[in-house]
Amino acid sequence: MNIWLAYVSYPITTAVYLEKAFRKNHSVTTLGPQVTPEQLSQWGMSDLSLPISSQDIPTDYEPDLQALIQKESTPPDLFLWIESVHGFYPKNIDKLSCPSACYLIDSHLNFEWQKLWAKNFDFVFIAQQEYIDHFQAAGIQHVHWLPLGCDPEVHSVAPRSKIHQISFVGSPHKGFPRERFLQQISIQFPLFQTRAYLQEMASIFAESKIVFNKCVRNDLNMRVFETLASGSLLLTDDPGIASGQSELFVAGEDLVVYNEETLIPLIEYYLKNDSDRETIAQSGKIKALQAHAYAHRVEAMLEVIQRRTVTTPDGSQWRDRSLGKPDSYFLSENPWRGAILPSRPQRSFVIPVLDQSPASPYNISTLLHDLESIDGNVIVVFNSEKMAATFAKHPRVNLAVTLSQNVGVARAWNIGVHLSETPTVFILNADLHLRPKSIPVIERTLQRIEKAAVAGPQGSFFNFHASIDYQYFDQGALPRPLQVDAISGFFFAIKREHFVTNTLRFEDDYSPCYFEEWDLGLQCREKGLECWIAPTTDYDHEWSGTIKANKNVPYFDRRESIFDIHARNTKRFQQKWLERSKKLSNPQLLLSRYPTYLLNLAQEFEKQGNQKEAENLRQKALSLIDHFDRCLK
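Residues numbered from 1 in each chain as written. Predicted model: local features only at pLDDT ≥ 70, side-chain atom pairs only at ≥ 80, totals over all residues. Heavy atoms only, no water.

Enquirer: Summarise the overall build of the protein chain; cite the residues concerned and give the values.
Expert: Scanning the protein chain for helices and strands turns up 23 helices and 27 strands. For a compact globule of 633 residues, the expected C-alpha radius of gyration is about 26 Å, and the protein chain comes in at 28 Å, within 12% of that figure. Expressed as lengths along the three principal axes of its C-alpha atoms, the size of the protein chain is roughly 80 × 65 × 45 Å. Accessible surface, the protein chain: about 27200 Å² in total, of which carbon and sulfur atoms supply 50%. Each charge sign in the protein chain was given a centre, from 64 positive and 74 negative side chains, and these centres are 3 Å apart. (Helix = DSSP H or I, 4+ residues; strand = E, 2+ residues; numbered from the N terminus. Rg over C-alpha atoms; globule rule 2.2 N^0.38 Å. Areas by Shrake-Rupley, 256 points an atom, 1.4 Å probe, with all protein chains shown as cover. Lys, Arg positive; Asp, Glu negative; His and termini not counted. Charge placed at Lys NZ, Arg CZ, Asp CG, Glu CD.)

As structure tokens, this is what we get:
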């Protein structure tokens, strides 16, 4: 490709690494101004001795792209703007005949102007995964996560003698927590602290037993990848699940994560225990070089721009690549290619099984085949000894429980959840066909939203008093996550912590089936937790793969019709929650979020200029609220 790369020339900006990676396989023309000595002085970097080169097309800070292209004999195939020095904003990006893209790096500091600037581009790539939802909420749907990385030719230096106990290269950021942590370290340990760049910085990393990192504002910064590539132990803080750090690297396996209480003890331990320290450091180096070089990032970016894939890899996919699983993103010359290290499971799959789902094209056999390409512990609760005899020793089943009789869905879920040991637990129907991309979408929704306790691809707003749905969101109905009253039970994920502490529990009383999801939704509302739809279409499911074929359901030592079960559980559900709302003096507990959804939708229509539809939605919401008030009376 003929790529126009726009950034302010500055020898240590991220764009330099990306330019180098692009030039290996593409024709690159850089354009933009140069950083000035005055700017370097303002940043406290007057000591920067690296040369500042001119761009291929020198410009001012607001060049007219339309005018520049008219002067060129060969137009670009791609225009890529990379965040560098604030103030560099080319004009007439929309006049380009080629695709345009931007790479935004410091969303944790610059989101307010980034969300406006990003609207100029066909493709938006961001380094800070946490802000995907923020950009989408601002109306930018074509946004993709592309973490920062390392340059093996710069950061992966030959092993060095460890002349520094612990080092920090960078700015202490006066007044920020980083400064305080560095002061604590320096009191008890010989801390080597300096500013250095490129090869000099990499040498310091390689010569240090421990390299310290502290993010500024929950960001996944360059120092993480550069330190790992150097082969020294990275001691870093936890920027939160939304950052993606814990998806890419495992604490205690690839790097070490500290907090206020553990900082000093961890330094003491790893300075004394050379073998443990170097084992983790080498594991981190392999992961960084195998999947987190800028060449990998460039390839992932172009996969999206050239529409060979819908989006960039998610955390679990980057993780798989770092483990050496075959993938086109690997560099053929990568010296670490093929090194496979074990990964600690971060998710479990609980699957209740009664039969072979005779009314569905999918069953436990096909689902276990699907799970062969998805990491995680598989826990199967067999409600049939016959099915257990066939599948309990299946190679993809990590743990099997065999029950002599059908105990029902809710009890099977509870058994499976309490046998799991992972932070995230997926509940799967046996008649589900699963594709790998669906899993990280649901996980991201569940983990990024603090109060989310349940997430899945389908769900509804329900009318408690009438025991019907106000609105059900089927497969592919939503472009972005939405908080709802309940999530459908054939495929969803939970945060296990809420269940092992007995904050939440699947209600046994509804066994063998029906109303478990609505009950869980009300439990979440009672505890201040939330249910969220995670928009993915990477699965197939036909409703009632077992019930359609069994009008009478076996349950303990009896059989009941599905109609009798539904009628009985309707009464139980109504009675339980009416009594509970009265006991808690909280009638609002039974109010659906549907009116709130309609009012929010009305605001969107209003912004689009559709006043009539906005008013209709408002009236509908107010009518529902009025109806609810009458039900309470």
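We are not done yet, so read on.
Enquirer: Can you tell me about the nonpolar core, naming the residues and giving the values?
Expert: In this structure, F22, F79, W81 and Y103 are the most contacted members of the largest nonpolar core, which totals 80 residues. The greatest single-element share of this core, amounting to seven residues, is contributed by helix α13 (residues 294-305). With sequence-adjacent residues up to four places away left out, F22 is seen in contact with I3, L5, V28, L80, V298, M301 and L302. (Core = buried A, V, L, I, M, F, W, Y, C linked by side-chain atoms within 4.5 Å. Buried < 20%, exposed > 50% of the residue type's maximum accessible area, 1.4 Å probe, protein only. Contact = heavy atoms within 4.5 Å.)

Enquirer: Help me get a handle on the side chain of Q55, residues and values and all.
Expert: When you line up the elements, Q55 lands in the loop between α2 (37-42) and β3 (57-58). Owing to a relative accessible area of 6%, Q55 belongs among the buried residues under this scheme. Separated by 3.2 Å, the side chains of Q55 and T30 make a polar contact. What Q55 contacts, discounting residues up to four positions off in sequence, is Y7, V8, S9, T30, L31, G32 and P33. (Polar contact = N/O pair within 3.5 Å; in protein donor to acceptor, adjacent residues only side chain to side chain.)

Enquirer: Go over the pairing of strand β13 (residues 347-353), please, and point to the residues and values.
Expert: In summary, the side chains of a regular strand alternate between the two faces of the sheet. The buried count for β13 comes to seven of seven residues, which makes it a mostly enclosed element. Judged by which residues are buried, β13 turns out to be covered on both faces: R347, F349, I351 and V353 on one side and S348, V350 and P352 on the other are all buried. Judged from the six bridges that link them, β13 and strand β14 (residues 377-382) form a sheet pairing that is parallel. Paired with I351 across the bridge in β14 is V380. In this view, the connection linking β13 to its parallel neighbour β14 by way of helix α15 (residues 364-370) has right-handed handedness. (Pairing = 2+ DSSP bridges. Right-handed = clockwise from strand over helix to strand, strands pointing away.)

Enquirer: Which residues make up the packing of helix α12 (residues 274-291) against helix α14 (residues 315-322), and what values do they have?
Expert: Contact geometry of α12 with α14 gives a least axis separation of 8 Å together with a crossing angle of 110 degrees. In this view, α12 runs roughly perpendicular relative to α14, as classed from their interaxial angle. Mapping the contact onto sequence places I286, K287, Q290 and A291 in α12 and W318, R319, R321 and S322 in α14. Its residues placed into classes, the contact of α12 with α14 shows three nonpolar, two polar and three charged. (Axes fitted to C-alpha atoms, helices over the stretch in contact; angles between N-to-C directions. Parallel < 35°, antiparallel > 145°, perpendicular 65-115°, else oblique. Nonpolar A, V, L, I, M, F, W, Y, C, P; charged D, E, K, R; others polar.)

Enquirer: Help me get a handle on the sheet that holds strand β20 (residues 468-473), residues and values and all.
Expert: Here three strands make up an open sheet; going across it, the order is β20-β19-β22 and the pairing antiparallel. The outermost strands of the open sheet, each flanked by one partner alone, are β20 and β22 (486-487). Where strand β19 (residues 459-463) meets β22, two bridges bridge the pair, whose relative direction is antiparallel. Within β22, the residue paired with G459 across the bridge is I487.

Enquirer: Talk me through the sheet that holds strand β15 (residues 399-402); I want residue IDs and the actual numbers.
Expert: In a beta sheet, neighbouring strands pair by backbone hydrogen bonds and run either parallel or antiparallel. Taking strand neighbours across the sheet as the criterion, the eight strands line up as β15-β14-β13-β16-β23-β18-β24-β21 in an open arrangement whose pairing is mixed. Across the chains shown, the open sheet's two edge strands, defined by having one partner strand only, are β15 and β21 (482-484). Adjacent strand axes in the sheet meet at a mean angle of 25 degrees when their direction is disregarded.

Enquirer: Describe the pattern of salt bridges, with residues and values.
Expert: Taken as a whole and assessed by the stated rule, the structure comprises 30 salt bridges. R480 is paired through a salt bridge with E604; the nearest N and O atoms lie 2.9 Å apart. One end of the pair, R480, is in the loop between β20 and β21; the other, E604, is in helix α22 (residues 594-607), with 124 residues separating them in the sequence. Here D508 makes a salt bridge to R505, at a shortest N to O gap of 2.9 Å. A relative accessible area of 18% places D508 in the buried class. With a relative accessible area of 39%, R505 lands in the partly exposed category. What you see here is one network of salt bridges that share partners, running through K20, K24, D151 and E153. (Salt bridge = Lys/Arg side-chain N within 4 Å of Asp/Glu carboxyl O.)

Enquirer: So what's going on with the packing of helix α11 (residues 263-272) against α12? Residues and values would help.
Expert: The contact between α11 and α12 brings their axes to 5 Å, and the two run at 100 degrees. Relative to α12, the element α11 is oriented roughly perpendicular. Seen from α11, the contacting residues are Y269, Y270, L271 and K272; seen from α12, they are D274, D276, R277 and I280. When grouped by side-chain class, the residues that make up the contact of α11 with α12 number four nonpolar, no polar and four charged.

Enquirer: Report on the state of the cysteines, specifying residues and quantitative values.
Expert: Scanning the model with the defined rule gives zero disulfides in all. Left unpaired, C215 is separated from the closest cysteine sulfur, that of C150, by 19 Å. Since its relative accessible area comes to 4%, C215 is described here as buried. Cysteine C531 is unpaired, with the sulfur of C524 as its nearest cysteine sulfur at 4.0 Å. Judged by relative accessible area, which is 3%, C531 ranks as buried. (Disulfide = S-S within 2.5 Å.)

Enquirer: Hey, could you go over the packing of aromatic side chains for me, with residue numbers and the actual values?
Expert: Under the definition given, this model contains 39 aromatic pairs. Arranged with centres 5.6 Å apart and planes meeting at 85 degrees, the rings of F473 and Y597 form a pair that is edge-to-face. Residue F473 is located in strand β20, and its partner Y597 is located in helix α22; the two are separated by 124 residues in the primary sequence. Each of the two residues, F473 as well as Y597, counts as buried. Ring centres of F515 and W518 lie 5.7 Å apart, and the angle between their planes is 85 degrees; on these two criteria the pair is classed as edge-to-face. Take F515 and W518: they sit in the same class, and that class is buried. The residue whose ring lies beneath R180 is F181, and the NZ or CZ to ring-centre distance is 5.0 Å. Of note, R297 hangs over the ring of F225, and the distance from its end group to the ring centre comes to 5.5 Å. (Phe/Tyr/Trp six-rings, centres within 6.5 Å; stacked < 30°, edge-to-face > 60°. Lys NZ or Arg CZ within 6 Å of the ring centre and 35° of its normal.)

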